[in-house]
Amino acid sequence: MRAATLAPCDFWVPDPGFVVEFDESQHFSAPRKLALSHYSDSEQLGFSARRWMALCERHNARDRDPPYRDEQRAWYDTLRDLVPLAEGLEPTVRLYARDHVWCSLNPESAADRQRFSDVLRTATLRAALVFPRIGTGTGEGVPPIVAGARQPDVPTVDSFRGEAVDFVLFPESYVSASDHVRLGLLSRLSQDLQATLLVGAVEVAANSEGRPVEWQILLRFEPDGSRHRQYTKHSTAAGVAFENPDWEPTAALPTFELGGVTAGATICHDHYLGLLPRFLAERDARIWVNPSFDNVRANKWSAVLRLRAVENRFFALCTLHDDETKHARTRPFAFSPDGSELRARRAGSAEARPLSDCKESGAIYVVELDTNMAGKPLDLSRLPLPARAATERRSTPRDAVRVAVRDGRPVVRGRSGWRTVAQPGTYVETGRGPVYAGVVPNERILSAAACFGVIDRAKKQGGAPIIWNAWDDLPTDPARLGFLMFGRAIECCAPVVISDRSGIRELVEITQYKDPVRRPVGTTGDTILDLQNARGLDSAFKIVAEHLRGDMKGMALERYRSLTGPATDR
């Protein structure tokens, strides 16, 4: 330090007492990213350190006048972040210069003052999950364009029993985009609640061939009653976003604000496409909504949603319809950034229960989101354990391959003996056919891009995929990590092996119905996995390509592949 005091801060708010810093591009440098990466998990910051590090990577600012200017600026910014906390003040709030045209905000305007207050706020948000009851077998159901379908009544403000909520999530296909009566009721509800509504809708429009088809979209109703088209589904629908001629990631995957917090959306089976929510998280989404259609296999849905919450460090929310004519009941889903299931109350009730116990269809459930949890570094030792013992697969493997750890390194039994698996992966001819084992080391298993890279390379090399998560030392109980990897095995349609230098610790496979199961790990130094259902990219991307004509399937895959980002992240 060449001076006894720092230069004045940008702004000082005396009540309750905190600093506001206005960060232009020169603040986002490599030294600043390095400093932020060493902040303690316990620090209560007034901005997203994760987002600020991402901005450092984007700008990579360099100021050589004087030569130490980047380091000096990073040091001063660190002091302004941490000294107020040591002095008992509120956390320093940082504003990114390019987030808004800040000078356009009018202090005399109540709306602009509220907008600025939302930016500064880090309070708990309340979300309402609408969980309608339908009966498609009796003509009462969805999608709403089906002839004779009688749809659930649109809730009124009285349905919320006086609950003050920040936003309301409705299921996929809740309304027809051409049903102006129901759209008007939803607009009225958003005004009465003074809350944002996120509503799944069906739209009939021309596809890339000029044929009218059904598109699944998400509509956003703002508290002033205005309606906006927010998102178009990328999978399983007759028309998917990837086929739009002007598809571009930022436009196809837009973020938006919920109570001053950045959010993003996908729809239903899109959640299997891990690069979509990853792209939203990179744009600082702290809340991700994935409205779905109707009764799903809860173990599969919860496994993937939990993984998305953890790997992207955001809240994951999903609601859907409950079709009474189907044998299996369903429920809404919501997970916090640490993977724990959220608790919910019926609107107007004080009793909170885990969402897995909230199965009364026709209800509205309220969940609370502590937005301070989003974006914080993950403590793997606190990952949840399964509520009950995971299903173990003890049947004789049909497509058996032996795997082991020898001298601290992954190996696969090939036709001519054990083959060491080197990074990023190794092709092995085995007795059951060609295999590609891709190594995803340490925390990289939480990168959807890294895992997609394994099944992508396996497809190109013609081998059945194995995702091998290799650690020197596991940071947590292997059962916690194995439970989280249920979602990865489902997403990638590939087994996941978890090992440290001492041996294989967990092995997760999927059944023909993509249900995740654990294969017991032996104590002999090697074990057997079953590649019968290891279909990899062919199965994982089928949900996108099944309705596309042949010449468009490759284009859709290339567009999805573009979301992996730089080659160093694959």
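Analysis parameters
- Numbering of residues starts from 1 in every chain and runs along the sequence as written.
- Two thresholds apply to this predicted model, a pLDDT of at least 70 for residue-level local features and 80 or more for giving and counting side-chain atom pairs, whereas whole-chain, interface and lining totals are computed over all residues.
- For the side-chain quantities, the full set of heavy atoms in the structure was used; hydrogens and water were omitted.
- One requirement defines pairing of two strands: DSSP has to find at least two bridges between them.
- Only DSSP runs of H or I reaching four residues or more are called helices, and only runs of E reaching two or more are called strands; each is numbered from the N terminus.
- Here the axes come from fitting lines to C-alpha atoms, over the contacting stretch only for helices, and the angles between their N-to-C directions go from 0 to 180 degrees.
- When describing relative orientation, an angle under 35 degrees is termed roughly parallel and one over 145 degrees roughly antiparallel, while 65 to 115 degrees is termed roughly perpendicular and anything else oblique.
- In what follows, residue pairs with any heavy atoms lying within 4.5 Å of each other are defined as contacts.
- Classes in brief: Ala, Val, Leu, Ile, Met, Phe, Trp, Tyr, Cys and Pro nonpolar; Asp, Glu, Lys and Arg charged; the others, Gly included, polar.
- When two rings of Phe, Tyr or Trp (its six-membered ring) have centres within 6.5 Å they constitute a pair, described as stacked for plane angles under 30 degrees, edge-to-face for angles over 60, and tilted for the intermediate range.
- Only protein chains enter the accessibility calculation, which uses a 1.4 Å probe; a residue is then buried when its area is under 20% of its type maximum, exposed when over 50%, and partly exposed in between.
- Definition used: whenever NZ (Lys) or CZ (Arg) falls within 6 Å of the ring centre and also within 35 degrees of the ring normal, the charge is taken to sit over that ring.
- Looking at any residue, its pLDDT shows the predictor's confidence there, from 0 to 100.
- With a 1 Å grid spanning the protein atoms alone, the term cavity applies to any set of points in which a 1.4 Å probe fits but cannot get out, the term pocket to an open set with protein on both sides within 12 Å along at least five of seven lines, and the term lining residue to any residue with an atom within 4 Å of a point.
- Grid points are joined across faces, edges and corners, and a volume is the space filled by probe spheres set on the points.

### With respect to the sheet that holds strand β13 (residues 287–289)
No. 1: Spatially, 5 strands are ordered β11-β12-β13-β14-β16 in an open sheet, and the strand pairing comes out mixed. Single-partner strands in this sheet number two, and they are β11 (256–258) and β16 (333–335). Direction aside, the axes of adjacent strands within the sheet are offset by 25° on average.
No. 2: Here 3 bridges tie strand β12 (residues 261–265) to β13, and the two strands are oriented parallel to one another.

### Quick notes on the packing of helix α8 (residues 298–312) against helix α10 (residues 478–492)
No. 1: Orientation of α8 relative to α10, taken along the N-to-C sense of each, is 105°, at an axis distance of 8 Å. One element, α8, and the other, α10, form an angle in the roughly perpendicular class. For the pair α8 and α10, the contacting residues are K300, A303, V304, R306, L307, R308, V310 and E311 in the first and F483, L484, M485, F486, G487, R488, I490 and E491 in the second.
No. 2: Here the residues of the contact of α8 with α10 are counted per class, giving 9 nonpolar, 1 polar and 6 charged.

### What to know about the packing of aromatic side chains
No. 1: Under the criterion given, the structure shown has 13 aromatic pairs.
No. 2: Taking the centre distance of 5.6 Å and the plane angle of 25° together, the rings of W288 and F314 count as stacked. Taken together, the residues W288 in strand β13 and F314 in the loop between α8 and β14 (315–318) connect sequence positions 26 residues apart. Across this residue pair, the class does not change: W288 and F314 are buried.
No. 3: Site record: aromatic cluster; members linked through ring pairs are F242, W247, F452, F541 and Y560.
No. 4: Over the ring of F47 we find R94; its NZ or CZ atom is 5.8 Å from the centre of that ring.
No. 5: Looking at K514, its charged tip hangs above the ring of Y272, at a distance of 5.6 Å from the centre.

### Let's talk about the confidence of the model for the protein
No. 1: In this model, the protein carries a mean pLDDT of 90, and residues with pLDDT of at least 70 account for 92%.
No. 2: Across residues 566–570, where pLDDT falls below 50, the model places 12 contacts with residues more than four positions away in sequence or in other chains.

### Overview of empty space enclosed by the protein
In this approach, a probe sized like a water molecule rolls over the atoms, and the result shows the empty space that is left.
No. 1: In the structure shown here, the tally under the stated rule is 2 cavities of 30 Å³ or more.
No. 2: The space that makes up the largest cavity amounts to roughly 70 Å³.
No. 3: Elements with a contribution of two residues or more to the lining of the largest cavity: α9 (448–461), α10 and α11 (537–540).
No. 4: Grouping the amino acids of the lining of the largest cavity by side-chain chemistry returns 9 nonpolar, 1 polar and 1 charged.
No. 5: Of the pockets and cavities examined, the second largest cavity occupies roughly 40 Å³.
No. 6: Around the second largest cavity, the lining residues are A494, P495, E509, I510, D530, N533 and A534.
No. 7: Within the lining of the second largest cavity, the residues separate by chemical class into 4 nonpolar, 1 polar and 2 charged.

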